[in-house]
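# Examination of the molecular architecture
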Amino acid sequence: MRIGELAAVVGVTTRAVRHYHHLGLLAEPERRPNGYRQYTLRHAVVLARIRRLTELGLGLAEVRDVLADDAGKDLVEVLTELDEDLARQEEAVRERRGRLRALLEAEGGLPAEGPVSPELAALFAGTAHLTDSPMAAKDREIIAFLETSMPAGARERMVSSVKEALGSPAAVARAGEAYALLDALADAEPDDPRVGDAARVLAGCIPPGLLPETGTWGLDRDDGVLRAFYDDLAPAQAEAIRRALRILAGQRR
């Protein structure tokens, strides 16, 4: 058989055959005087085995290990490991589909910042009327970012604290007032007298649990992420947030 005939018989491409030659999975036959390689039934048997193993999900390195053992005694072990790996993948897919269903069935639909957790999506649905505020929209983006980037335990505490901050009509009204004051500082300087008012109102909206046990989230540090956070704000808005955090830190002493 020539390479095209071999590939057609086994149901692979000639490119795949050459790739298996290159990797050493399939021995190359010697060339005949006419320059063509002549493949034997043994080549077809090995190539068919390679195809079956790859269709089961084995990587080519694993296929090489199986083929290296002429007796095939390691094949059961390899396939058992593959079966266990597929079982783990199935469980992961079920979990992901469960999260997707929860998001799709969430009351109020997916938020613009989504996908986020169902808990956060429900909170965002309760503050949807505030998204006309540029500062409110930015706050939601930051909260969604934090939920993604935090480790599990910290993420749960953060979402719980956001629920405390936005979980009632009165709390949402206070947040709306703070957002309005911050929006008004978009073109102001850090020494604008309105900065103090915005800081005090904002401090009254932030539940204690949203802060760590010590410090002010470290938002006074010279940190790349934090610099990006403050750079995304107007100078007066950044100053108002810094002052609000200092107020909260002072209340803890």
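Residues numbered from 1 in each chain as written. Predicted model: local features only at pLDDT ≥ 70, side-chain atom pairs only at ≥ 80, totals over all residues. Heavy atoms only, no water.

For the rest of this paragraph, the subject is the overall build of the protein chain. When helices and strands are tallied, the protein chain shows 12 helices and zero strands. Overall, the protein chain shows an N-to-C arrangement of helices and strands of α-α-α-α-α-α-α-α-α-α-α-α. Here the protein chain holds 253 residues, and the buried ones make up 36% of them. If you take every contact in the protein chain between residues at least 6 apart in sequence, the share linking residues at least 24 apart comes to 57%. On the protein chain, roughly 15500 Å² of surface is accessible, and the fraction owed to carbon and sulfur atoms is 53%. (Helix = DSSP H or I, 4+ residues; strand = E, 2+ residues; numbered from the N terminus. Buried < 20%, exposed > 50% of the residue type's maximum accessible area, 1.4 Å probe, protein only. Contact = heavy atoms within 4.5 Å. Areas by Shrake-Rupley, 256 points an atom, 1.4 Å probe, with all protein chains shown as cover.)

Turning our eyes to something else, we now look at the packing of aromatic side chains. Taken as a whole and assessed by the stated rule, the structure comprises zero aromatic pairs. Of note, Arg2 hangs over the ring of Tyr36, and the distance from its end group to the ring centre comes to 4.0 Å. Its end group placed over the ring of Tyr230, Arg242 keeps NZ or CZ at 3.9 Å from the ring centre. (Phe/Tyr/Trp six-rings, centres within 6.5 Å; stacked < 30°, edge-to-face > 60°. Lys NZ or Arg CZ within 6 Å of the ring centre and 35° of its normal.)

Of all residues in the protein chain, 83% have pLDDT values of 70 or greater, and the mean over the chain is 80. Across the protein chain, helix α2 (residues 14-23) holds the top mean pLDDT of 94, while helix α11 (residues 224-231) sits lowest at 72. Low confidence marks residues 214-222, where pLDDT is under 50. Its contacts with residues over four positions away, or in another chain, come to 19 contacts. (pLDDT = per-residue confidence, 0-100.)

Summed over the entire model, instances satisfying the criterion amount to eight salt bridges. Salt-bridge contacts for Glu55 lead to Arg51; the nearest nitrogen and oxygen are separated by 2.8 Å. With a gap of four residues between them, Glu55 and Arg51 both fall in helix α3 (residues 41-55), about one helical turn apart. You can call Glu55 exposed: its relative accessible area is 55%. Residues Arg200 and Asp197 are paired through a salt bridge, measuring 2.4 Å at the closest nitrogen-oxygen approach. (Salt bridge = Lys/Arg side-chain N within 4 Å of Asp/Glu carboxyl O.)

Turning next to helix α10 (residues 194-205). Taking 1.5 Å of rise per residue, 12 residues should cover 16 Å, and α10 covers 17 Å from first to last C-alpha, within 8% of that figure. Within the sequence span of α10, burial applies to Val195, Gly196, Ala198, Ala199, Leu202, Ala203 and Cys205. (Expected span 1.5 Å × (residues − 1).)

Together, Glu62, Asp65, Glu77, Glu81, Asp83, Glu84 and Glu90 give the surface a local cluster of negative charge. Mapped by element, the contributors of at least two residues to the negative patch are α4 (60-68) and α5 (75-104). With respect to the helices, strands and loops of the structure, Asp65 is situated in helix α4. A relative accessible area of 51% means that Asp65 is categorised as exposed. (Patch = residues over 30% accessible without salt bridge, like charges linked within 9 Å, V, L, I, M, F, W, Y side chains within 5 Å. Lys, Arg positive; Asp, Glu negative; His and termini not counted. Charge placed at Lys NZ, Arg CZ, Asp CG, Glu CD.)

This part covers the environment of Ala165. Within the secondary structure, Ala165 sits in helix α8 (residues 152-166). With near-sequence residues (within four places) excluded, Ala165 lies in contact with Ala171, Cys205 and Pro207.

Leu120, Val162, Leu182, Leu185, Leu202 and Ile241 are the most contacted members of the largest nonpolar core, which totals 38 residues. Looking at this core, the elements with two or more residues in it are α6 (118-126), α7 (134-149), α8, α9 (169-183), α10 and α12 (235-252). Once residues lying within four places of it in the same chain are set aside, the contact partners of Leu182 are Met135, Ala198, Leu202, Gln237 and Ala240. Grouped together as the second largest cluster of nonpolar side chains are 21 residues, Leu6, Ala16, Leu53 and Leu58 included. (Core = buried A, V, L, I, M, F, W, Y, C linked by side-chain atoms within 4.5 Å.)

Attention now goes to empty space enclosed by the protein. Counting across every chain of the model gives one cavity of 30 Å³ or more. Here the largest cavity is characterised by a volume of approximately 60 Å³. The element contributing the most residues to the lining of the largest cavity is α7, with four residues. Here the lining of the largest cavity is composed, by residue class, of six nonpolar, two polar and two charged. (1 Å grid on protein atoms, 1.4 Å probe; cavity = no way out; pocket = protein on both sides within 12 Å on 5 of 7 lines; lining within 4 Å. Points joined across faces, edges and corners; volume = space filled by probe spheres on them. Nonpolar A, V, L, I, M, F, W, Y, C, P; charged D, E, K, R; others polar.)

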